[in-house]
Amino acid sequence: MLTQPVKAFRCAFLDFVDDPFYVSEAESARYIADGLLVVENGKIKELGYYQSLQSKYARVPINDYSGMLIMPGFIDTHIHFPQTEMIAAYGEQLLEWLNQYVFPTEAKFKDKAYAQKIATTFLNELLRNGTTTALVFATVHPQSVDAFFEEASRRNLRMIAGKVMMDRHAPDNLSDTAETSYQESKQLIQKWHKKERLLYAVTPRFAITSTPEQLHLAGKLLAEFPDVYLHTHLSENVNEVEWVKQLFPESQGYLDVYDLAGLVGDRSVFAHGVQLTDAEFQRLSQAKSAIAFCPTSNLFLGSGLFKLQKAKCVEHPVKLGLGTDVGAGTSFSLLDTASEAYKVAQLQNQKLSPFQALFLATLGGAKALSLEDKIGNFDVGKEADFVVLDLRATPLMALRNSATNATSLTELAEQAFALIVLGGDRAIHATYIMGEVYKST
């Protein structure tokens, strides 16, 4: 690998060293109003106060973003790249929406060239919104996975994805079999998992579209490749949960369907969890599994309000990240997603502070994906994926946020909340991947 020159970035910096749901903001947030971030060979070399480090790196060219805020790259824990083109499809709940919009769209991904075209748009849109890592659904077609990973590799991204497994209750042109899904997934794992910054997720769509045999073969893949992920949907919609009960009468509930197949572990990420029972929250905590909280999608499809306090309770904490869930989700922006998460909490008389929301979008997401040793904050040795945020990107934001950097965590929390509510993609000034600025392709 070619060595890269040392680079330095001057700015205000915010990241998290602990979970603000359980410890104070002073203990969890790391804020440097005038800092210097030093990057070498795509990794974090040092972060500190500018005045303390400037003489040490006097000969290193400085990228000066004074007046802005640098944070770790945002992490999306659940999204569908094939649904990019059908975002904002009107007016159905989950099961009807799948049949009317999703399945016809996903059928197009049999054509690899088409999949490559959408993957290009999808990744550019993620990066334009400051998202540097995502856990991604492809389609049932292996070539859709190849197309996605090829485009992610071209951009040197840390991405996780997998081929959908779906052998019932789906159109013929989107169905595989238990055996073909196993064989094709295995080949894709061997081809892509841990190649460069890419990782694989075994991806049964959800219990309704998989036979028990297919789910057990998904579990066999996890046993054979213990460092791959499990990525699926769980307890999103009331009618979905009822149908699962009918399809799996021997199970003790929706999560138990996956548990009986060996799919509930510390690298399992379950999207939604809106309808989870207390016992299911406890089981997820025990297994160290993660939930992707997808507020824009849950609101758009009328699925319900996620029980944030249940997931983040002290007695049975569950790893939690934010998911945009495009295309049921209505924005690629994790700032927009955090804004809707705040409202979901408000509707249940719960609180989501700005630092808690930004934690979920960064280090919380990294922990949900078992990647906190590589990404999520600015600890030395981690990969230098980060986003430069303009807290005054629009006239209204400039009015709301003063022209000076915050001098305290209280002041910063005010600015951060305005960023979450008003910022969206407009607040993303630049996105960096392994210390290199992203340019649209």
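Everything quoted here is computed from the prediction, not taken from an experiment.

Rules used in this analysis
Residues numbered from 1 in each chain as written. Predicted model: local features only at pLDDT ≥ 70, side-chain atom pairs only at ≥ 80, totals over all residues. Heavy atoms only, no water. Phe/Tyr/Trp six-rings, centres within 6.5 Å; stacked < 30°, edge-to-face > 60°. Helix = DSSP H or I, 4+ residues; strand = E, 2+ residues; numbered from the N terminus. Buried < 20%, exposed > 50% of the residue type's maximum accessible area, 1.4 Å probe, protein only. Lys NZ or Arg CZ within 6 Å of the ring centre and 35° of its normal. Polar contact = N/O pair within 3.5 Å; in protein donor to acceptor, adjacent residues only side chain to side chain. Contact = heavy atoms within 4.5 Å. 1 Å grid on protein atoms, 1.4 Å probe; cavity = no way out; pocket = protein on both sides within 12 Å on 5 of 7 lines; lining within 4 Å. Points joined across faces, edges and corners; volume = space filled by probe spheres on them. Nonpolar A, V, L, I, M, F, W, Y, C, P; charged D, E, K, R; others polar. Expected span 1.5 Å × (residues − 1). Disulfide = S-S within 2.5 Å. Pairing = 2+ DSSP bridges.

Novice: Where do I start with the packing of aromatic side chains in this structure?
Specialist: Two descriptors summarise a pair of aromatic rings, namely the distance from one centre to the other and the angle between the planes of the rings. The tally for this structure, following the rule as stated, stands at 21 aromatic pairs. With 5.6 Å between their ring centres and 85° between their planes, Phe81 and Phe109 make a pair best called edge-to-face. Here the residue Phe81 occupies a position in the loop between β5 (74-80) and α3 (94-106), and Phe109 occupies one in the loop between α3 and α4 (112-128), the gap between them amounting to 28 residues. For the pair formed by Phe81 and Phe109, the shared burial category is buried. Residues Phe149 and Trp192 carry aromatic rings whose centres are separated by 5.3 Å and whose planes lie at 40° to one another, so their mutual orientation is tilted. You can see Phe149 sitting in helix α5 (residues 142-154) and its partner Trp192 sitting in helix α6 (residues 178-192), a full 43 residues away along the chain. The class for Phe149 is buried, based on a relative accessible area of 0%. Ring-pair connections join several aromatic residues into one group, and the members of that group are Phe81, Phe109, Tyr114, Phe122, Phe148, Phe149, Trp192 and Phe332. Directly above the ring of Tyr50 sits Arg10, whose terminal nitrogen or CZ lies 3.6 Å from the centroid. Directly above the aromatic system of Tyr229 lies the positively charged group of Arg267, at a separation of 4.4 Å from the ring centroid.

Novice: Sorry if this is basic, but what is going on with the side chain of Thr431 here?
Specialist: Within the fold, Thr431 resides in strand β15 (residues 428-433). Among the polar contacts listed, one links the side chain of Thr431 to the backbone oxygen of Leu127, at a separation of 2.8 Å. Here Thr431 is in contact with Leu127, Gly130, Thr132, Phe386, Val387, Glu436, Val437 and Tyr438, once residues within four sequence places are set aside.

Novice: Help me out: how do you make sense of the environment of Lys374 in this one?
Specialist: Along the chain, the position of Lys374 falls in the loop between α15 (363-368) and β14 (386-389). C-alpha separation for the pair Lys374 and Ala384, spaced ten residues apart in sequence, amounts to 9.2 Å. Not counting residues up to four positions away in its chain, the partners in contact with Lys374 are Arg158, Lys382 and Glu383.

Novice: Could you clarify how one ought to interpret empty space enclosed by the protein in this entry?
Specialist: Think of a ball as big as a water molecule: rolled over the atoms, this probe shows where empty space is left. Enumeration according to the criterion identifies four cavities of 30 Å³ or more in this entry. Every residue lining the largest cavity is counted, 15 residues in all, and those nearest its centre are His80, Leu94, Leu98, His233 and Glu236. Among the elements that take part in the lining of the largest cavity, α3 stands out by supplying three residues, more than any other. Tallied by class, residues from the lining of the largest cavity come to six nonpolar, five polar and four charged. Roughly 60 Å³ of volume is contained in the second largest cavity.

Novice: Just to check I follow, could you spell out helix α7 (residues 212-224) for this structure?
Specialist: Structurally, the α-helix is built with 3.6 residues per turn, so residues lying three or four positions apart point the same way. Between its terminal C-alpha atoms α7 stretches 18 Å, which fits the 18 Å expected from 13 residues at 1.5 Å a residue. Here the buried face of α7 lies against β8 (164-165), α6, β9 (198-204), β10 (229-234) and α9 (254-260).

Novice: Just checking my understanding: could you explain the state of the cysteines for this structure?
Specialist: As used here, a disulfide is simply a covalent bond connecting the sulfur atoms of two cysteines. Counted according to the given criterion, the structure contains zero disulfides. Cysteine Cys294 remains unbridged, with the sulfur of Cys313 as its closest cysteine sulfur at 20 Å. Here Cys294 falls in the buried class, since its relative accessible area comes to 0%.

Novice: In this structure, what is going on with the pairing of strand β1 (residues 7-16)? I would like to understand it.
Specialist: Regular strands show a simple pattern: their side chains alternate between the two faces of the sheet. Most of β1 is tucked away, with ten of its ten residues classed as buried. Direction of pairing for β1 relative to strand β2 (residues 29-40): antiparallel, over a ladder of nine bridges. Across the sheet, Arg10 pairs through a bridge with Leu36, a residue of β2. Where β1 and strand β4 (residues 62-72) come together, five bridges link them in parallel fashion. Considered in β4, the bridge of Ala8 is made with Ile62.

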